[in-house]
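# Geometric and topological summary
Below are the chains, spelled out letter by letter.
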Amino acid sequence: MIGTTLPAREVPLGGLRGLSVQRTLPHRQLPTIGAWCFVDHIGPTSAPMNVQPHPHIGLQTVTWPIEGRIRHRDSLGSDVVLRPGELNLMTSGTAISHSELGVGAEPLHAVQLWVALPEARRHGVAEFEHLADPPVTGGPGWQATVFMGSLADVTSPAQVHSPLVGAQIALDGAVDLAVNPAFEHGILAVDAPLFVDGVDVAHRDLRYVPPGASSIRLAGQGTVMLIGGTPFAEELVMWWNFIGRTHDDIVEAREAWEAEPVGGRFGRVHGHGELFVPAPPLPGVRLQPRRRR
Ligand code: MN
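The following paragraphs examine the structure supplied in this document. (Residues numbered from 1 in each chain as written. Predicted model: local features only at pLDDT ≥ 70, side-chain atom pairs only at ≥ 80, totals over all residues. Heavy atoms only, no water.)

Let us look at the coordination of the manganese ion. In this structure, His 54 (NE2), His 56 (NE2) and His 98 (NE2) serve as the protein donors to the manganese ion, at separations of 2.1 to 2.2 Å. All donors of the manganese ion belong to a single chain; written as a sequence motif, their spacing is H-x1-H-x41-H. Side by side, His 54 and His 56 carry an identical accessibility label, which is buried. (Donors = N, O, S within 2.8 Å, 3.2 Å for Na, K, Ca; no water. Buried < 20%, exposed > 50% of the residue type's maximum accessible area, 1.4 Å probe, protein only.)

What follows is the structure, encoded as structure tokens:
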């Protein structure tokens, strides 16, 4: 699969009364870019973000507001108001639950990304990190805030468990961005259309760049998200908020959440009483790993 653009599709977030988001990953032909397995682009919107407590396994959630604030609470006791330019990184390990709510009536524009945890880490403990001041690098026509991994001369202190990069780039003109040739990359057109290696990418779409490139030519104006990493070798079974390796991993997590959503395996998110997001019904077939086509 060489040089593909993944189109954004509208998906309801947090149930039917929640806000809609534009999702580009996973794509039916491409489940992951590096360990990145989920790309949601939220807003800009005045609809309230109101995602009540829900569980995760097998992944890291990467929450990155561009405009507006998000209050994060989780079953570790974290309670953080996240601002633009700051990172929330939640590592689920075997079990965590969390909520995410918009703050006040201000408009919200954000991306939420997931990173699949490799086998060596997915059975570990849950952790939460808030990074108030990710490193910044840049040059003529571009400035990058590197919230995960390394780009150019800077490295984020956020914990990663496979080689990867995640950055917000403010683009003003054209740049040949030096990248790790062992990585595959995705470039999300956050604000406006842009050109990636001379190819026109529509606003909100995600351009895929396969491994082997030592630079990527970006041309345009506005905000761009860059994700990348070494192709993820493990097959993933992804369903709802869970990432496992088998159908049974998912069934086990779903049953634990349904049996005791508040105070059970996934803990308790304080401040929500007995509110939680119920798991949808499982499909009537065995869940299969997502494969590249
Ligand atoms: Mn979540």
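The rest of the description comes next.
The next point concerns the side chain of Asp 74. Turning to its location among the elements, Asp 74 is positioned in strand 7 (residues 70–74). One buried charged residue, Asp 74, forms no salt bridge at all, with the nearest opposite charge on Arg 73 at 9.5 Å. A distance of 2.8 Å separates the side chain of Asp 74 from the side chain of Ser 78, its partner in a polar contact. Those residues in contact with Asp 74 that lie beyond four places of it in its chain are Met 90, Ile 96, Ser 97, His 98, Phe 128, Arg 268 and Val 269. (Helix = DSSP H or I, 4+ residues; strand = E, 2+ residues; numbered from the N terminus. Lys, Arg positive; Asp, Glu negative; His and termini not counted. Salt bridge = Lys/Arg side-chain N within 4 Å of Asp/Glu carboxyl O. Polar contact = N/O pair within 3.5 Å; in protein donor to acceptor, adjacent residues only side chain to side chain. Contact = heavy atoms within 4.5 Å.)

Sheet topology note: the strand 14 (residues 142–151)/strand 16 (residues 164–178) ladder contains seven bridges and is antiparallel. Directly across from Gln 143, in strand 16, lies its bridge partner Ala 170. Pairing of strand 16 with strand 21 (residues 215–229), which is carried by 15 bridges, proceeds in the antiparallel orientation. By the bridge assignment for strand 21, Ala 170 is matched with Thr 223. (Pairing = 2+ DSSP bridges.)

Attention now moves to the side chain of His 185. Considering the arrangement of structural elements, one finds His 185 in strand 17 (residues 184–189). You can call His 185 buried: its relative accessible area is 2%. Non-local contacts of His 185, meaning those with residues more than four positions away in its chain, are made with Ile 33, Val 165, Val 179, Asn 180, Arg 207, Tyr 208, Val 209, Ile 216, Leu 226, Ile 227 and Gly 228.

In this structure, Trp 36, Val 62, Leu 87, Leu 113, Phe 147 and Met 148 are the most contacted members of the largest nonpolar core, which totals 34 residues. Secondary structure elements with two or more residues in this core: strand 4 (36–45), strand 6 (59–67), strand 9 (87–91), strand 11 (108–116), strand 14, strand 20 (206–209) and strand 21. Among the elements that make up this core, the one with the highest residue count is strand 11 (five residues). Of all hydrophobic cores here, the second largest spans 24 residues; its members include Ala 144, Phe 183, Val 196 and Leu 218. (Core = buried A, V, L, I, M, F, W, Y, C linked by side-chain atoms within 4.5 Å.)

Time to look at the pairing of strand 13 (residues 136–139). Note: strand 13 against strand 14, four bridges, orientation antiparallel. Following the sheet pairing, Gly 139 is matched in strand 14 by Trp 142. Here strand 13 hands over to strand 14 after two residues, with Gly 141 in that stretch at a positive phi of 85°.

This part is about helix 2 (residues 247–259). Helix length check: helix 2, at 13 residues, gives a terminal C-alpha distance of 18 Å against a target of 18 Å (1.5 Å per residue), a fit within 8%. Considered for burial, the residues of helix 2 that qualify are His 247, Asp 249, Ile 250, Val 251, Ala 253, Arg 254, Ala 256 and Trp 257. The elements touched by buried residues of helix 2 are strand 5 (50–56), strand 10 (96–102), helix 1 (119–122), strand 22 (237–239) and strand 23 (242–244). (Expected span 1.5 Å × (residues − 1).)

Right, let's get into the packing of aromatic side chains. All told, the structure shown has eight aromatic pairs when counted by the stated rule. Taking the centre distance of 6.2 Å and the plane angle of 55° together, the rings of Trp 239 and Trp 240 count as tilted. Here a set of aromatic residues connected by ring pairs shows up, and it is made of Trp 239, Trp 240, Phe 242, Trp 257, Phe 266 and Phe 276. (Phe/Tyr/Trp six-rings, centres within 6.5 Å; stacked < 30°, edge-to-face > 60°.)

Taken in spatial order, the seven strands make up an open sheet running 2-3-4-11-6-9-12, and their pairing is antiparallel. Of all the strands in the sheet, the pair left with one neighbour each is strand 2 (9–12) and strand 12 (127–131). Taking each pair of neighbouring strands and ignoring which way they run, the sheet shows an average axis angle of 25°. The sheet contact formed by strand 9 and strand 12 spans five bridges and is antiparallel. (Axes fitted to C-alpha atoms, helices over the stretch in contact; angles between N-to-C directions.)

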